[in-house]
Amino acid sequence: MYLKTVQLRSFRNYREQRVNFDSQKTIIVGNNAQGKSNLLEAVELLATLKSHRVSRDRDLVLEGAASGQILAALERAYGQAELALILRISGRRTVILNQEPLRRQMDFLGVLNAVQFSSLDLDLVRGAPDARRSWIDTLLIQLEPIYAHILSQYYQVLKQRNALLKKFRQREEDNLNPEIIVEQLPSDISQLKLWDVQLAEAGSRVTRRRARVLERLTPLAQQWHSNISGKTEVLEIKYIPNVSWTEDDPLEVKQAFLEKIEKRRMAEQQLGTTVVGPHRDDIEFIINHTPAKYYGSQGQQRTLVLALKLAELQLIEEVVGEPPLLLLDDVLAELDPNRQNQLLEAIQDRFQTLITTTHLHSFDSGWLKSSQILSVEAGE
Ligand code: ATP
Ligand code: MG
């Protein structure tokens, strides 16, 4: 796929700016705080409807404006696509594909595919489990957009179930208070059981997909990792689901959920929150039999993240049938010459690539000659 233009209106520090991409590689150069990452973030939003930097739309809209827009023209093997995303400080969004406003965000996902690689991605290895869950979920959303729906369903069930558990705990506390007389309602218990089933169903859809995508990604990541590390290191990727199961069968997995929920019933009621389910999953990266999180050097952790990103690119290309875009935010300067070369060789002209940098001297002359260079200053 090829991104031809992006137009930003009241997005971050851009008032009104159109950018034409006329090369497979674009280097976006500028001083700090000029809008380089903001431009990449706009493309990321079109691909995933998420920004890895913020969660509130009001931060994405130009200060002082009520709404902002990101528009793009994309060439895909099956034809042209025009994408538009309207962001409002109220949080309400509109997604438009080929001039048609869409009712479901899901139908917007999967039109533009992109893999983002920034220094924040080291959190994948070093950070808390939510960074890894969000990484695998973002990848899944691009591979099968229906996953966005599956995931949001799960979180809705979780929210409702948590509200009920919280109410139970409150009632327990009130029960201990002789001033307040509270009746125990048997209907509450049957209501909770209904939510147990919903949680098991929605949760098993999430965990099975996460397991499947990791299974496909792992050999690709291992291959890249072995290449980059000069075949000296062995990488393993281990999915650690909160609810473990062995056979990828909807009924079996659901049963595993229900059994664990039963086991943790007391704990959940005491804590007043759901402790069983994929919102507590994790992924472990193991290099030469030791967890990379605690034992990996900075360089080993970078190599790992680079291998994961290259594997993501390859997997999206395999599944979608077209190479996704690669968004490199400030990472080239952080890689040593060997890893830089590995990355540049892997990209070649295969993936349209947008690269931000504060100076051009980290690029060799071949790259500079074959790239479009855009310079950014104060949102222009
Ligand atoms: P660096 O080299 O430091 O990474 P950058 O060029 O990537 O810099 P960006 O993150 O793209 O910088 O842009 C940051 C600039 O955008 C900052 O000056 C910030 O104040 C401004 N900015 C961010 N959000 C908004 C907003 N909603 N409205 C106006 N300006 C904003
Ligand atoms: Mg930046």
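Parameters at a glance
- Residues numbered from 1 in each chain as written.
- Chains lettered and ligands numbered in written order.
- Predicted model: local features only at pLDDT ≥ 70, side-chain atom pairs only at ≥ 80, totals over all residues.
- Helix = DSSP H or I, 4+ residues; strand = E, 2+ residues; numbered from the N terminus.
- Rg over C-alpha atoms; globule rule 2.2 N^0.38 Å.
- Buried ≥ 20, exposed ≤ 12 C-beta atoms within 10 Å, placed from the backbone.
- Contact = placed C-beta atoms within 7 Å.
- Core = buried A, V, L, I, M, F, W, Y, C linked by C-beta atoms within 7 Å.
- Near = placed C-beta within 6 Å.
- Nonpolar A, V, L, I, M, F, W, Y, C, P; charged D, E, K, R; others polar.
- Pairing = 2+ DSSP bridges.
- Expected span 1.5 Å × (residues − 1).
- Arc of directions from axis to C-beta.

(A) Quick look at the overall build of the chain. Check the secondary structure of the chain and you find 11 helices and 14 strands. Its C-alpha atoms give the chain a radius of gyration of 23 Å, within 12% of the compact-globule value 21 Å for 380 residues. With the C-alpha coordinates aligned to their principal axes, the bounding extent of the chain is approximately 75 × 55 × 40 Å. Looking at the 380 residues of the chain, the share that counts as buried comes to 38%. Taking the intrachain contacts of the chain between residues at least 6 apart in sequence as the baseline, contacts between residues at least 24 apart amount to 74%.

(B) Examining the environment of Ala378 more closely. You can see Ala378 is positioned in the segment after β14 (372-375). Accessibility expressed as a C-beta count within 10 Å gives 12 for Ala378, which makes it exposed. Between the alpha carbons of Ala378 and Asn31 there is a distance of 9.3 Å; along the sequence they are 347 residues apart. Filtering out sequence-adjacent residues up to four positions away, Ala378 remains in contact with Asn13 and Gln34.

(C) View of the nonpolar core. Counting 88 residues, the largest nonpolar core has Ala42, Val43, Leu46, Ile70, Leu304, Ala307 and Leu327 as the members making the most contacts within it. For Leu46, the contacting residues outside a window of four places in its chain are Ile70, Ala72, Leu83, Leu85 and Leu112.

(D) Geometry of the site of ligand 1. Among the 17 residues in the neighbourhood of ligand 1, the closest are listed as Asn13, Asn32, Lys36, Ser37 and Asn38. The greatest single-element share of the shell around ligand 1, amounting to 3 residues, is contributed by helix α1 (residues 36-48). The residue makeup of the shell around ligand 1, split by class, is 3 nonpolar, 9 polar and 5 charged.

(E) Expanded view of the sheet that holds strand β9 (residues 235-240). Taken in spatial order, the 3 strands make up an open sheet running β9-β10-β11, and their pairing is antiparallel. Strand pairing shows two members of the sheet lacking a second neighbour, β9 and β11 (290-291), which therefore form its edges. Here 2 bridges tie strand β10 (residues 282-287) to β11, and the two strands are oriented antiparallel to one another. Across the sheet, residue Ile287 finds its bridge partner in β11, namely Thr290.

(F) Layout of helix α6 (residues 250-263). End to end, α6 covers 20 Å across 14 residues, agreeing with the expected 20 Å (1.5 Å per residue, within 8%). Those residues of α6 that sit buried are Val253, Lys254, Ala256, Phe257 and Ile261. On an axial view of α6, the arc spanned by its buried residues comes to 155 degrees, and they lie on one face. Away from its buried face, by an angle of more than 90 degrees, α6 presents the exposed residues Leu251, Glu262 and Lys263.

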